Amino acid sequence: MDIQGVVAEGFEPVRDAFVRNFEVLGDRGAAVTVYRDGRKVVDLWGGTRDADGEADADADGSEPWTEDTAQIVRSATKGVAAAVPLLLHQRGLLDLDAPVGGYWPEFKAGGKERILVRDLLAHRAGVPALDRGLTAAEAADGVSGPHAVAAQHPFWEPGTGHGYHAQTYSWLLSELVLRVTGRTLGSVLAEDIAEPLGLDFWIGLPDAEADAGRVGRVAPVEPPESAGMLRTRPRRNVSEAYADPASLTRRAFAAIDPLPDENAPAYRAAELPASNGIGTARALARFYGATIGVVEDGARIFTPATTAIAAREHSAGPDRVLVVNTRFGAGYMLHGPASPLLTPASFGHPGRGGSLGFADPDAGIGFGYVTNALAKSVTADPRAQALVRALKSAL
């Protein structure tokens, strides 16, 4: 495997783990970037741009992954998207402790009038699923999704527990931001965060970027036999929840039904803040570095007070959707058994299938890993975890 890029002295274990991801854990094309104290210390990439090619680009003529290759990162999008409402709060435009219905009156329907903005960010709103799943076209039209979650009766008393809003998070956040600013979440991200910070990250891929051919194809993969003991079996109750069409777990992930083609141009162009962000590992790492301090040329996103809000525990314990114990801050998954990050101070978000981005304010770390080989993992992919363990050993 021809791995490109650089690592700073002392961070060689991350490179070793990255190589092993290809050799043992089945990566096809991937990149990992790490910032420490605002300085880039790891920047690696390898494999092919398209997951449905071979990892060796010379084997079948597949295009190699280059330093600016971008990929869809699935739910790792949520952590980037959450920065938009937090930035609006930082600017005094959005009150996290105000009822959502004060900004979005239609959302009060079905007994949701007491749900706070903070509840949306922390997966406590009680609407992780819909009575009827939306088609891919409806999910992307900017109208059907917000209308459906506004009309939806909650599945539990809002604020009394939490459950992962796998798909509905898209319409909850996007409509809230639209009501507050008159702009879409994707446009606020592009104009107020990505452009000033120089991030190659989009929620709603622009035509120019689609035409540039930078974005590779993702595809599901099975872990190779060489992964051995890492082919773990989920607990029975988790397996049953995913297998039962009537479970809240299955219904939450089926809020878009059938699941869309993630490589389709129309899907990539849509704005779905829960699931269809497209970006580079550099962008994820630089983004998270800028949530906890200044990166390189003086750019940053959050004040220390906003960083504290993002990282403070808002939800913890049994997750009514994921059927494991999870922890969430204001829009971010926190370190815990379901999603081990670097230290208990870490906050970020995994993407189902592999990608991961997080910040660690105590260690001064911004981390981004992007892959096109989508495994069956939900919150703790073995490849991402191997990189995190290697990073921890290097610190």
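Residues numbered from 1 in each chain as written. Predicted model: local features only at pLDDT ≥ 70, side-chain atom pairs only at ≥ 80, totals over all residues. Heavy atoms only, no water.

Novice: Would you take a moment to explain the environment of Leu356 for this structure?
Specialist: One can find Leu356 in strand β12 (residues 356–360). Since its relative accessible area comes to 3%, Leu356 is described here as buried. Leu356 has contacts with Leu284, Leu341, His349, Pro350, Phe367, Gly368, Tyr369, Ala384 and Val388, leaving out every residue within four places of it along the chain. (Helix = DSSP H or I, 4+ residues; strand = E, 2+ residues; numbered from the N terminus. Buried < 20%, exposed > 50% of the residue type's maximum accessible area, 1.4 Å probe, protein only. Contact = heavy atoms within 4.5 Å.)

Novice: Please explain the sheet that holds strand β5 (residues 201–202) as it appears in this structure.
Specialist: Picture the strands of a sheet paired through backbone hydrogen bonds; they go either parallel or antiparallel. Reading across the sheet, the three strands line up as β4-β7-β5 and stay open at both edges, with antiparallel pairing between neighbours. Every other strand in the sheet has two partners, leaving β4 (71–72) and β5 as the edge strands with one partner each. Here two bridges tie β5 to strand β7 (residues 278–279), and the two strands are oriented antiparallel to one another. Looking across to β7, one finds that Trp202 is bridged to Ile278. (Pairing = 2+ DSSP bridges.)

Novice: Just to check I follow, could you spell out the packing of helix α3 (residues 76–90) against helix α15 (residues 304–311) for this structure?
Specialist: Two numbers describe a pair of packed helices, the interaxial angle and the distance between the axes. At a closest axis distance of 10 Å, the pairing of α3 and α15 adopts a crossing angle of 140°. The pairing of α3 with α15 is recorded here as oblique in orientation. For the element pair α3 and α15, the recorded crossing hand is right-handed. Contact residues: Leu86, His89 and Gln90 in α3; Thr306, Ile309 and Ala310 in α15. (Axes fitted to C-alpha atoms, helices over the stretch in contact; angles between N-to-C directions. Parallel < 35°, antiparallel > 145°, perpendicular 65-115°, else oblique. Left-handed = near helix turned anticlockwise from the far one by under 90°.)

Novice: Just to check I follow, could you spell out the packing of aromatic side chains for this structure?
Specialist: Geometrically, a pair of aromatic rings is defined through the distance of the ring centres and the angle of the planes. Summed over all chains, the structure comprises nine aromatic pairs. Ring centres of Phe18 and Phe22 lie 5.3 Å apart, and the angle between their planes is 90°; this geometry places the pair in the edge-to-face category. Of this pair, Phe18 and Phe22 both sit in helix α1 (residues 12–23), four residues apart, roughly one helical turn. With a centroid separation of 4.8 Å and an interplanar angle of 80°, the aromatic rings of Phe287 and Tyr288 are classed as edge-to-face. (Phe/Tyr/Trp six-rings, centres within 6.5 Å; stacked < 30°, edge-to-face > 60°.)

Novice: Hey, could you run me through the pattern of salt bridges in this one?
Specialist: Pairing of side chains with opposite charge becomes possible as their charged atoms draw close. Taken as a whole and assessed by the stated rule, the structure comprises 22 salt bridges. Asp52 is paired through a salt bridge with Arg217; the nearest N and O atoms lie 3.1 Å apart. One end of the pair, Asp52, is in the loop between β3 (39–47) and α2 (57–60); the other, Arg217, is in the loop between α10 (207–212) and β6 (219–220), with 165 residues separating them in the sequence. What makes Arg217 partly exposed here is its relative accessible area of 37%. As a salt-bridge pair, Glu296 and Arg286 come within 2.8 Å of each other at their nearest N and O atoms. With Glu296 in the loop between α14 (281–292) and α15 and Arg286 in helix α14, this pair connects stretches of sequence that are 10 residues apart. Given the relative accessible area of 48%, Glu296 is considered partly exposed. The class for Arg286 is buried, based on a relative accessible area of 8%. Connected via shared salt-bridge partners are Asp68, Asp200, Glu209 and Arg214. (Salt bridge = Lys/Arg side-chain N within 4 Å of Asp/Glu carboxyl O.)

Novice: Teacher, can you tell me more about the pairing of strand β9 (residues 325–328) here?
Specialist: Across a regular strand the side chains alternate sides, sitting on one face of the sheet and then on the other. In β9, alternate side chains face the same way, and those of Thr326 and Phe328 are buried while those of Asn325 and Arg327 on the opposite face are not. Two strands pair when backbone bridges link them, and strand β8 (residues 315–318) and β9 are joined in this way by four bridges, in the antiparallel orientation. Looking at the pairing, Pro318 lines up with Asn325 of β9. Adjacent in sequence and paired antiparallel, β8 and β9 are bridged by six residues, among which Val323 carries a positive phi angle near 60°.

Novice: Whenever I open this one, α14 confuses me. Can you help?
Specialist: Working note: α-helix, 3.6 residues per turn, so residues spaced by three or four point in the same direction. Across its 12 residues, α14 extends 17 Å between first and last C-alpha, which sits within 8% of the 16 Å expected from 1.5 Å per residue. Extensive coverage of α14 is indicated by the burial of 10 of its 12 residues. Along α14, the residues that are buried comprise Ala281, Ala283, Leu284, Ala285, Arg286, Phe287, Tyr288, Gly289, Ala290 and Thr291. (Expected span 1.5 Å × (residues − 1).)

Novice: I'm lost on the environment of Gly159 in this one. Help?
Specialist: Following the sequence through the fold, Gly159 ends up in the loop between α7 (144–151) and α8 (169–181). Counting along the chain gives 96 residues from Gly159 to Ala255, while the straight-line C-alpha distance between them is 21 Å.

Novice: How should the nonpolar core be read in this particular structure?
Specialist: A general feature of soluble globular proteins is that nonpolar side chains tend to end up buried together. Core analysis: the largest hydrophobic core is formed by 79 residues, its most contacted members being Leu86, Trp171, Ile193, Phe201, Phe287 and Tyr332. Here this core gets nine residues from one element, more than from any other, and that element is α3. The contact partners of Trp171, leaving out residues within four places of it in the chain, are Trp104, Leu130, Leu134, Ala139, Gly145, Pro146, Val149, Ala255, Ile256 and Leu272. Ile3, Phe11, Phe367 and Val388 belong to the second largest nonpolar core, which has 28 residues in total. (Core = buried A, V, L, I, M, F, W, Y, C linked by side-chain atoms within 4.5 Å.)

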